[in-house]
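Structural characterization, general
Take a look at the letters that make up each chain.
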Amino acid sequence: MDKNKDYQIIEYESRYFPSILELFSIVHEDYMDERLWKWKYFYPSRKPAQILMAVQQGKVVGIQPAFFNRMKMGNTERLACMLADVMTHPKHRRKGVFSALVEESKQKALEKGVPLIYTFPNEQSFPMFIRHLKWHHIFSLPLHIKITNMLRIVQEWKGPKSKSFALHALAPIQKLMFRQLTVQSKQYEIQEISQINEEDVSSLLEDSLSEFPFAVIRDRSYLEWRYIKHPRHTYRIFQACKDQKLVGLLIFRMGTFQNITICFLCDFFVDRNHQNGGLALLAEMEHIMSEERVGIAGSLMLSSKRESKILKRAGFRILPRRLAGKEFYLVSQSDDVSIKKNFLLNPQNWFMTWGDTDIV
């Protein structure tokens, strides 16, 4: 322990869990509970998380959990470490707690042979990662949106009784900028599923991820953990089939972003020869949005991913960052000599979506 510090960095012990919940309640209000904690960091089929704490007089004043994902790195499969839920008690900020936790997490991951560490920082922590800790800003994920009901969005902003002229004047703009999606083709069978079939999804996902050297491996185990077993959110999973072959997979949920109800398009995979199957999936999603009175859909996706072209055909547009109110940073660090810096820093080498973050 540094004599200039009034806290100690230690590894997680379950006896500190009540203090961790207290810290979460102060920093993120009512965010964490025991079920979510166990799902996120100690799920049976996944490698246990690496969790470091800053402790002062028996109280947790800072925490840095990190979980491990199987990731494709070039032509090999290795573990990557994703930092999540880093936080410091407001009374203990500007004491080096954040930097100490992140740096210690990085070193421990490297000692375990994990070659790559990454995270999605918020606006407050991003400068710390880049300027102080010297991490790399790989890219910021663009937000693709489609407005299907402008009136509904403005009502949420102004209240359900809003009947201003400006509100109704926005309807033509919606029609000009975000066309309604109609799919005439009946050649695809669209079905909602509650279980993942390994044999069905493996070839589709492997093909979709084949163009990207850096991508979290989405096999049945991962998809079930990430979406089906989530203790708090309800995700809907739809598949498109043609001649009994899986040609598309779409995963989404309804939630709140910037105080607006939004349909989060979390993951989207389409066979390269069946773009219309992807359009059929998006049309089904829009139908459900209409039923649930949700007026906007959003997806985080680099334009290099082929599914982004399907989104554009469906009427999605990239929202300028100044209007999004939030930037979706991806930062990373690697001291592994087998990962070349220029290779790591090329955004075209990465596959990331909203489903890769821990906020949706």
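Since the structure is predicted, the reported quantities are computational estimates derived from the model, not experimental observations. (Residues numbered from 1 in each chain as written. Predicted model: local features only at pLDDT ≥ 70, side-chain atom pairs only at ≥ 80, totals over all residues. Heavy atoms only, no water.)

**A word on the overall build of the protein**
Within the protein, the secondary structure is distributed over twelve helices and 17 strands. In terms of C-alpha radius of gyration, the protein reaches 22 Å, essentially the compact-globule figure of 21 Å for 360 residues. Dimensions of the protein, computed from C-alpha atoms along their principal axes, come out at roughly 70 × 50 × 35 Å. Going through the 360 residues of the protein one by one, you find that 54% of them count as buried. For the protein, long-range pairs separated by at least 24 residues make up 73% of all intrachain contacts whose partners lie at least 6 apart in sequence. Here the protein contributes 51 positive and 39 negative side-chain charges, whose respective centroids are spaced 6 Å apart. (Helix = DSSP H or I, 4+ residues; strand = E, 2+ residues; numbered from the N terminus. Rg over C-alpha atoms; globule rule 2.2 N^0.38 Å. Buried < 20%, exposed > 50% of the residue type's maximum accessible area, 1.4 Å probe, protein only. Contact = heavy atoms within 4.5 Å. Lys, Arg positive; Asp, Glu negative; His and termini not counted. Charge placed at Lys NZ, Arg CZ, Asp CG, Glu CD.)

**What to know about the sheet that holds strand β15 (residues 317-318)**
Pairing is mixed in the open sheet, where seven strands are placed in the order β9-β11-β12-β13-β14-β8-β15. Of all strands in the sheet, those bounded by a partner on one side alone are β9 (189-193) and β15. Both strand β8 (residues 143-147) and β15 contribute to a ladder of two bridges, which runs antiparallel. Paired with histidine 144 across the two strands is isoleucine 318, which belongs to β15. Helix α7 (residues 198-209) rests against β12 (245-257) and β13 (260-270) of the sheet, and its axis sits at about 75° to β12. In the packing of helix α8 (residues 220-228) onto the sheet, the strands contacted are β11 (236-242), β12 and β13, and the crossing angle to β12 comes to about 30°. (Pairing = 2+ DSSP bridges. Axes fitted to C-alpha atoms, helices over the stretch in contact; angles between N-to-C directions.)

**What about the packing of aromatic side chains?**
According to the stated counting rule, one finds 25 aromatic pairs in the structure shown. With 6.1 Å between their ring centres and 45° between their planes, tyrosine 41 and phenylalanine 67 make a pair best called tilted. Of this pair, tyrosine 41 sits in helix α2 (residues 34-41) while phenylalanine 67 sits in strand β3 (residues 59-73), and the two are 26 residues apart along the sequence. The exposure class of tyrosine 41 is buried, given its relative accessible area of 2%. Linked through ring pairs, Tyr12, Phe17, Phe24, Tyr31, Trp37, Trp39, Tyr41, Phe42, Phe67, Tyr222 and Trp225 together constitute an aromatic cluster. (Phe/Tyr/Trp six-rings, centres within 6.5 Å; stacked < 30°, edge-to-face > 60°.)

**Focus on the nonpolar core**
One finds Trp37, Met71, Leu116, Tyr118, Leu143, Trp350 and Met352 to be the most contacted residues of the largest nonpolar core, which totals 76 residues. Dropping the residues within four chain positions of it, methionine 352 is found in contact with Met71, Tyr118, Phe120, Phe139, Leu141, Leu300, Met301 and Leu330. (Core = buried A, V, L, I, M, F, W, Y, C linked by side-chain atoms within 4.5 Å.)

**Some remarks on the pattern of salt bridges**
Opposite charge on two side chains lets them pair, provided their charged atoms get close. Enumeration according to the criterion identifies 24 salt bridges in this entry. Ionic pairing is found between glutamate 192 and arginine 236, a salt bridge with its closest N-O pair at 2.9 Å. Taken together, the positions of glutamate 192 in strand β9 and arginine 236 in strand β11 put the pair 44 residues apart, joining distant regions of the chain. Look at the salt bridges and you will find they share partners, linking Asp207, Glu211, Arg272 and Arg306 into a network. (Salt bridge = Lys/Arg side-chain N within 4 Å of Asp/Glu carboxyl O.)

**Thoughts on helix α10 (residues 306-313)**
Every buried residue belonging to α10 is among Arg306, Glu307, Ser308, Ile310 and Leu311, and all of these are buried. Buried residues belonging to α10 abut β8, α7, β13, α9 (275-291) and β14 (296-300). One or two residues past the end of α10 sits glycine 315, with phi positive at roughly 105°.

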